[in-house]
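Descriptive analysis of the structure
For reference, the chains in residue letters:
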Amino acid sequence: MTTTDADLVPFLLRRPGASFPPPEYAGFRDRPGLVKAALPSGGTVWLVTRHEEVRAVLTDPRISSNPTHEGFPRPSRTVGAPSADDVPGWFVSLDPPDHNKYRKALIPEFTVRRIRSLRPAVEEIVDRTIDQMLVKGNTADLVEDFSLSVPSLVISSLLGVPKIDRDFFEEKTKVLVTLTSTDEERDKASEHLLRYINRLIAIKAKRPGDDLISKLVQGEILTQQEVSGISMLLLIAGHETTANNISLGVVTLLQEKQWIDDERTVEELLRYHSVADVVALRVAIEDVEIGGQLVRKGEGIVPLVAGANHDPSMFERPHQFDPARSATGHVAFGYGVHQCLGQNLVRLEMDVAYHKLFQRIPTLEVAVPLEELQFKYDGVLFGLHALPVRW
Amino acid sequence: MAQISVDTGKCIGSAQCVLAAPEVFDQDDDGFVTVLDASPSGEAAASARTAQGICPAQAISVQG
């Protein structure tokens with residue numbers, strides 16, 4: 001199949017007024033082969049929208065996550081994905097076997113047992129965040145006052161940030177992930193955080209505690225620089241993604257209150273919203289055929305997570321929010337060796353957030369008409385810029 | 001009855017098998033998969049097949 005410029009679609013197809021995932025995805029799935037999209041930075045990328053093929057891309061050793069390979073997609077004009085050469089420990093940008101030692105060093109901290117043991121700590125954080133929101137009156141921006149705070153406080157607790165420093169830590173991470181921050185503000189926040197984390201690593205190397213940084217530093221597999229890169233990666237990866245999931249889930253559950261206490265709700269929300277739709281960037285390092293399409297070495301590939309999660313051949317009536325279905329098999333956290341390390345922590349945070357929020361503020365409602373909500377049509381992650389609520 | 005085998009060399013510790021079939025799979029101290037019941041039957045075998053389907057590292061094989 002040959003592709004001409006006339007066949008190119010824009011990379012991010014979201015737009016105000018249209019549903020998410022973009023309605024175009026259904027058409028892409030029905031077409032033979034893959035779809036070629038134009039990146040805002042120039043260049044093109046193959047879009048993959050069918051569930052089976054998204055999983056095939058994410059498990060194929062001929063397809064790489066390493067941005068140092070020629071042809072790796074650069075979604076924006078200025079920002080490219082960092083490589084492990086730029087930031088030691090940035091393991092999401094490494095392929096096996098280089099990737100393995102980092103994942104191996106971290107997985108004991110993310111086992112099901114370990115994450116379950118964090119429930120009381122997450123409950124305390126969520127309660128405290130709700131307390132602070134309630135003190136301010138009877139209105140709030142849920143994104144700012146709740147959804148962004150919870151993951152920040154959870155990750156700081158996990159990394160072993162002392163309680164006394166958590167306000168500082170939360171303030172800086174919020175600047176990093178808030179879209180309205182200027183580049184200058186973001187650079188400064190990132191510099192402050194990195195300096196803080198490096199100091200924390202030095203302290204924990206001498207006086208280790210029962211936290212992730214202490215364990216990684218004691219482990220002797222990783223250098224302090226790598227521990228610092230990993231800490232920043234965990235901080236960024238687990239932050240806005242979780243926040244968007246929490247906020248969008250609150251909007252959905254306010255309309256579908258019968259599902260608030262159902263244990264299947266979180267899984268269906270993850271599938272339904274698929275906030276990290278365009279996050280997994282890849283490049284072919286050999287010629288490879290995907291869904292009948294020849295992708296040549298050096299061509300970029302973006303497996304669209306929301307496309308896969310709304311593929312009707314995998315999930316019946318995919319555009320319907322229905323926790324009674326089995327959402328098992330969704331790829332909201334990716335697939336293959338890079339599948340989100342923190343996924344079980346995210347599930348815990350979402351579960352606790354909804355339970356506590358609706359239990360403690362039963363009169364919670366969105367304070368503006370739903371059509372006025374500010375969605376992130378232009379962000380890498382889908383979500384809400386703000387969520388005005390009242391009670 | 002099903003026969004379970006796992007390739008621990010492929011395992012990335014995502015623990016999706018433990019969530020899907022807790023009676024069949026567990027994680028060791030390093031976070032890697034261990035098999036609690038290598039020949040499950042009935043519902044446990046069905047859950048094990050689900051685990052095979054969702055394992056991101058394709059490290060689980062269920063025969064029969």
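It should be noted that the structure appears before, not after, this text.
Just so you know, these numbers come straight off a predicted model, no measurement behind them.

Regarding its fold elements, chain B presents two helices and four strands. Each helix (α) and strand (β) of chain B, taken in turn from the N terminus, gives the series β-α-β-β-α-β. Taken over C-alpha atoms, the radius of gyration comes to 10 Å for chain B, in line with the 11 Å a tight globule of 64 residues would show. Judged by the C-alpha coordinates and their principal axes, chain B covers about 30 × 20 × 15 Å. Partitioning the intrachain contacts of chain B with sequence separation of at least 6 by distance along the chain shows that 58% fall at a separation of at least 24. Carbon together with sulfur atoms contributes 47% to the accessible area of chain B, which is approximately 2900 Å² in total.

Contacts between chain B and chain A engage 19 residues on the former and 19 residues on the latter. Where chain B abuts chain A, roughly 1500 Å² becomes buried across the two surfaces, and 55% of that area is made up of carbon and sulfur atoms. Contact with chain A buries area across many residues of chain B, yet Ile12, Leu19 and Pro56 of chain B alone supply 31% of it, more than any other trio. Viewed at the interface, chain A and chain B are joined by one salt bridge. Contributing elements (two or more residues each) for the side of chain B that touches chain A: helix 1 (16–20), strand 2 (25–27) and helix 2 (42–54) of chain B.

Turning next to the side chain of Lys174 of chain A. Take Lys174 of chain A: it is sitting in helix 8 (residues 166–177). What Lys174 of chain A contacts, discounting residues up to four positions off in sequence, is Glu144, Leu148 and Ser149 of chain A.

All names here are of chain A. Spatially, the three strands line up as an open sheet ordered 5-13-10, and their pairing is antiparallel. The open sheet has two edge strands with one neighbour each: strand 5 (139–141) and strand 10 (365–366). Note: strand 5 against strand 13 (residues 388–390), three bridges, orientation antiparallel. Bridging from a neighbouring strand, Ala140 pairs with Val389 of strand 13.

The next subject is the pattern of salt bridges. If charged atoms from side chains of opposite charge come close, those side chains can pair. All names here are of chain A. Under the defined criterion, the tally for this structure stands at 26 salt bridges over all chains. Across the salt bridge formed by Lys174 and Glu170, the nearest N and O atoms sit 3.4 Å from each other. You can see Lys174 and its partner Glu170 sitting in helix 8, four residues apart, about one turn around the helix. Each member of the pair Lys174 and Glu170 is classed as buried. Between Glu268 and Arg271 there is a salt bridge; the shortest N-O distance is 2.9 Å. Taken together, the residues span about one helical turn, with Glu268 and Arg271 both in helix 13 (residues 265–273) at a distance of three residues. Residue class for Glu268 comes out buried when judged on its relative accessible area of 0%. With relative accessibility at 0%, the residue Arg271 sits in the buried group.

With that settled, the discussion passes to the packing of aromatic side chains. Residues and elements named next belong to chain A. If you walk through the whole model with that rule in mind, you get nine aromatic pairs over all chains. Relative to Tyr102, the ring of Phe91 has its centre 6.1 Å away and its plane inclined at 5°; by these criteria the two rings are stacked. Of the two residues, Phe91 is situated in the loop between strand 4 (63–64) and helix 3 (100–106) and Tyr102 in helix 3; the sequence distance between them amounts to eleven residues. An identical accessibility class is assigned to Phe91 and Tyr102; each is buried. Here a set of aromatic residues connected by ring pairs shows up, and it is made of Phe20, Phe375, Tyr377 and Phe382. Looking at Arg271, its charged tip hangs above the ring of Phe315, at a distance of 5.4 Å from the centre.

Calculation rules
- Numbering of residues begins from 1 in every chain and follows the order in which that chain's sequence is written.
- Key to labels: chains lettered from A, ligands numbered from 1, both in the order written.
- Where local features are concerned, this predicted model is filtered to residues with pLDDT of at least 70; where side-chain atom pairs are given and counted, the filter is 80 or more; whole-chain, interface and lining totals use all residues.
- Only hydrogens and water are removed before side-chain values are computed, so all heavy atoms of the structure are retained for them.
- In this text, helices come from DSSP runs of H or I with a minimum length of four residues, and strands from runs of E with a minimum of two, each type numbered from the N-terminal end.
- Within these notes, the globule rule equals 2.2 Å times the number of residues to the 0.38 power, and the radius of gyration is based on C-alpha atoms.
- Contacts are residue-level and defined by heavy atoms, with any inter-residue pair within 4.5 Å sufficient.
- Each accessible area is a Shrake-Rupley result for a 1.4 Å probe, and residues are judged covered by the shown protein chains and nothing else.
- A 1.4 Å probe defines the accessible area here, and the buried area is the portion of it lost by two parts on being joined, summed over both.
- Basic side-chain nitrogens of Lys or Arg form a salt bridge, by our definition, when they fall within 4 Å of a carboxyl oxygen of Asp or Glu.
- Paired strands, in this sense, are two strands between which DSSP finds at least two bridges.
- Accessibility here uses a 1.4 Å probe with only protein chains present; expressed as a share of the type maximum, an area under 20% marks a residue as buried, one over 50% as exposed, and anything in between as partly exposed.
- The criterion for an aromatic pair is that two Phe, Tyr or Trp rings (for Trp, the six-membered ring) have centres within 6.5 Å, with stacked assigned to planes under 30 degrees apart, edge-to-face to planes over 60 apart and tilted to the rest.
- Two limits define a charge over a ring: the Lys NZ or Arg CZ must be within 6 Å of the ring centre, and within 35 degrees of the ring normal.

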